[in-house]
Amino acid sequence: MSSSWYPVASGDDLAPRHVFHTALGGQELALWRDDAGFANVWENRCPHRGVRLTIGANLGTELRCQYHGWRFSSGSGQCAAIPAHPGFTPSQGLKVKTYPCVERYGLVWTTLDESPEDIPDLGAAAWRSLRAIFVEAPLAAIAPHLPEQTGLALFLQPVSETRTVIHGLSGDMSFSPRQHDDALTRLRDRIESATP
Amino acid sequence: MDQVALDEWHVVAALPSLPFGQEVATRLLGTDLALMRSPGDVVAAWPAASGKALPVCIRYGHVWTSLGTPARPLFDLPEFAEPDRRNVMAGSVPVHVSAPRAVENFLDLGHFAYVHDGYLGVEPHTEIKPYKVTSDENGVLATECRAYQPQASLIAEGGFEVEYVYRVPHPYCAILYKSSVLDEKRRDVIAIFVQPVEEERIVAHMLASVLDDVSSDDAIKNFQQLIFAQDKPILENQIPKRLPLHPRAEAWAPADAGSAAYRRWLSSRGVRYGTIPA
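Residues numbered from 1 in each chain as written. Chains lettered and ligands numbered in written order. Predicted model: local features only at pLDDT ≥ 70, side-chain atom pairs only at ≥ 80, totals over all residues. Heavy atoms only, no water.

### As for the environment of F88(A)
Reasoning step 1: Relative to the assigned elements, F88(A) resides in the loop between strand 8 (79–81) and strand 9 (98–99).
Reasoning step 2: A relative accessible area of 39% places F88(A) in the partly exposed class. (Helix = DSSP H or I, 4+ residues; strand = E, 2+ residues; numbered from the N terminus. Buried < 20%, exposed > 50% of the residue type's maximum accessible area, 1.4 Å probe, protein only.)

### Here's the deal with the packing of aromatic side chains
Residue and element names in this part refer to chain B.
Reasoning step 1: Counted under the stated rule, the structure contains 10 aromatic pairs over all chains.
Reasoning step 2: Ring geometry for Y60 versus F75: centroids 5.8 Å apart, planes at 20°, classification stacked. With Y60 in the loop between strand 5 (56–59) and strand 6 (62–65) and F75 in the loop between strand 6 and strand 7 (86–95), the pair connects residues that are 15 residues apart, well separated along the chain.
Reasoning step 3: Using a relative accessible area of 6% as the deciding quantity, one classes Y60 as buried.
Reasoning step 4: According to the relative accessible area criterion, F75 is buried, its value standing at 9%.
Reasoning step 5: Members of the aromatic cluster, connected to one another through ring pairs, are Y60, W64, F75, F80 and F193. (Phe/Tyr/Trp six-rings, centres within 6.5 Å; stacked < 30°, edge-to-face > 60°.)

### As for the sheet that holds strand 4 (residues 39–43) of chain A
All names here are of chain A.
Reasoning step 1: Spatially, 2-3-4-9 is the arrangement adopted by the 4 strands of the open sheet, whose pairing is antiparallel. Pairing within the sheet leaves two strands with one partner each, and these edge strands are strand 2 (19–24) and strand 9.
Reasoning step 2: Pairing between strand 2 and strand 3 (residues 27–33): 6 bridges, direction antiparallel. By the bridge assignment, L24 is partnered in strand 3 with Q27. (Pairing = 2+ DSSP bridges.)

### With respect to the interface of chain A and chain B
Reasoning step 1: Counting residues at the interface gives 22 residues for chain A and 27 residues for chain B.
Reasoning step 2: Counting each side, the surface lost to burial between chain A and chain B is near 2,000 Å², with a carbon and sulfur contribution of 53%.
Reasoning step 3: The largest per-residue losses of area from chain A upon contact with chain B belong to R49(A), Y67(A) and H85(A), which jointly make up 33% of the total buried on that side.
Reasoning step 4: The interface formed by chain A and chain B includes 4 salt bridges.
Reasoning step 5: For R45(A), the salt bridge goes to E250(B), with nearest N and O atoms at 2.9 Å.
Reasoning step 6: Across the contact surface, chain A and chain B share 15 residue pairs in polar contact (both at pLDDT 80 or more).
Reasoning step 7: Taken together, the residues of the side of chain A that touches chain B sort by class into 10 nonpolar, 7 polar and 5 charged. (Contact = heavy atoms within 4.5 Å. Buried area = accessible area lost by both parts, 1.4 Å probe. Salt bridge = Lys/Arg side-chain N within 4 Å of Asp/Glu carboxyl O. Polar contact = N/O pair within 3.5 Å; in protein donor to acceptor, adjacent residues only side chain to side chain. Nonpolar A, V, L, I, M, F, W, Y, C, P; charged D, E, K, R; others polar.)

### Quick word on the domain arrangement of chain B
Residue and element names in this part refer to chain B.
Reasoning step 1: Along its sequence, chain B is carved into domain 1 (3–65) and domain 2 (78–276).
Reasoning step 2: For domain 1 and domain 2, the distance between their C-alpha centroids amounts to 24 Å.
Reasoning step 3: The partner domain 2 presents 20 residues to the 19 residues of domain 1 that form the contact.
Reasoning step 4: The contact between domain 1 and domain 2 buries some 1,600 Å² in all, and 65% of this surface belongs to carbon and sulfur atoms.
Reasoning step 5: If you sort the residues of domain 1 by the area they bury against domain 2, V11, R27 and Y60 come out on top, with a joint share of 30%.
Reasoning step 6: For the salt bridge of R269 with E8, the shortest nitrogen-to-oxygen distance reads 2.8 Å.
Reasoning step 7: Taken together, the links from domain 1 to domain 2 amount to 8 residue pairs in polar contact (both at pLDDT 80 or more).
Reasoning step 8: Elements represented by at least two residues in the side of domain 1 that touches domain 2 include exactly helix 1 (3–6), strand 1 (10–14), strand 2 (24–28) and strand 6.
Reasoning step 9: Per-element tally for the side of domain 1 that touches domain 2: the top contributor is strand 1, with 5 residues. (Domains from an automatic or database assignment.)

### Description of the environment of K241(B)
Residues and elements named next belong to chain B.
Reasoning step 1: Position of K241 relative to the elements: it lies in the loop between helix 4 (217–235) and strand 14 (243–244).
Reasoning step 2: Between the C-alpha atom of K241 and that of R59, which follows or precedes it by 182 residues, the distance is 29 Å.
Reasoning step 3: Contacts of K241, omitting those with residues within four sequence positions, involve H96, V97, S98, R101, E200 and E236.
Reasoning step 4: A distance of 3.4 Å separates a polar atom in the side chain of K241 from the backbone oxygen of E236.

### Some remarks on the confidence of the model for chain B
Reasoning step 1: Per-residue pLDDT for chain B has a mean of 95; in total, 100% of the residues score no lower than 70.
Reasoning step 2: Both scores are available for the predicted complex, with the pTM at 0.95 and the ipTM at 0.95. (pLDDT = per-residue confidence, 0-100.)

### Some details on the pairing of strand 14 (residues 152–158) of chain A
Successive residues of a regular strand alternate their side chains across the two faces of the sheet.
Residues and elements named next belong to chain A.
Reasoning step 1: Here strand 14 lies mainly inside the structure; 7 of its 7 residues are buried.
Reasoning step 2: Burial along strand 14 is two-sided: L152, L154, L156 and P158 and A153, F155 and Q157, pointing in opposite directions, are all buried.
Reasoning step 3: Inspection of the sheet shows strand 14 paired to strand 15 (residues 164–170) by 7 bridges, in the antiparallel sense. Considered in strand 15, the bridge of P158 is made with T164.
Reasoning step 4: Taking the residues that link successive antiparallel strands as the turn, the strand 14-strand 15 hairpin has 5 residues.

### Remarks on the side chain of H68(A)
Reasoning step 1: Note on placement: H68(A) falls in the loop between strand 6 (62–64) and strand 7 (71–73).
Reasoning step 2: A distance of 2.8 Å separates a polar atom in the side chain of H68(A) from a polar atom in the side chain of D108(B).
Reasoning step 3: Excluding residues that lie within four positions of it along the chain, H68(A) makes contacts with H48(A), R49(A), P83(A), D108(B), G110(B), H111(B) and Y114(B).

Encoded structure:
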């Protein structure tokens, strides 16, 4: 994986009080938006007993693990409460692993790297995100086949070694999202039938 | 292959689940086995590949075997023989997790109010008071464990503070003793015998040995299965599926003293199967 920002969701996927599951480069992620609108990109694993945070609850300012009710603060991922010990202040550093998050062009972007290249600059045009297309193929098998078309921007999320998501943005309002959807679906079918 | 795990007795079936005279396939430590029950409750077990007879014992309503040479007899559970107890083979549930993760969950007090909300715990009664943990070569013992339970058992009426004792006499088996509703001097016994099918796949066999002169066997089974059905999705969402034994692999709270002792005991006994050794 190159040192980049990758889109990992559409902003709309992070619905109020929801926890969204995805992955980047084999790393499972739990994405959730707090009530103030801030989007969190976290490792999908409670530091206590390893339970996926995507089966937990988005409480609006904290995410609560489903196993022991430990609560973790939006932004920092710091453990805010351990219900088994109500009087106890969790130590600094007892936190969920967090990743940087930027919302741009209607997509949620993150990076697993310390110093990634910038998110591509698409100018000031109005972009709307298309339906994300899951492809059962590695990123390298897809990249050469992406169409180049004015008013269409495509980005790849390498979910794992064998699975990729195509995130599309349409800046040409004369094209309906359905036309782009159809073209990307045909692209997926061609790539998957050529991938062993 | 882990010689320590090979040389243990392992559960492979609940006896009542085996038909007479019919070969039943199961799997233990990644090896395909065949079981055959004959009249008189004689059970034979052999690896599907070799046909060579394995040692078998039938205890606590379950069938146990070993792929190696058992270094010690199976642990004692004397309550099973008490004449006024109801011994119910309460279910055998496949779970996609390692055996030690399942045992650790069985020992865990802190999850009651969240995973078993309304039964074994409820908010705001979430505090876990200090309890005593000891261990020796024979296993781990946690005593003076207390939990407020809204529906501690099938015949409990209303919530009360229940006292628990937990015992881990085997790397993949755990037993809990909790205050009886009928007789305050005695305790109900619930045991989990975990069959390590593969490193990350198990069958959890449950035994209820309880003082209950009211409930049907089916009702006792249903209650245990209801509780375990709440645990199963938690177990299947733990990452990694194997239990990490390094003391700093996962975060700790004082309520986890029992699981800390269990992990140390697994390390000292040299159990590797289903774990990530320290």
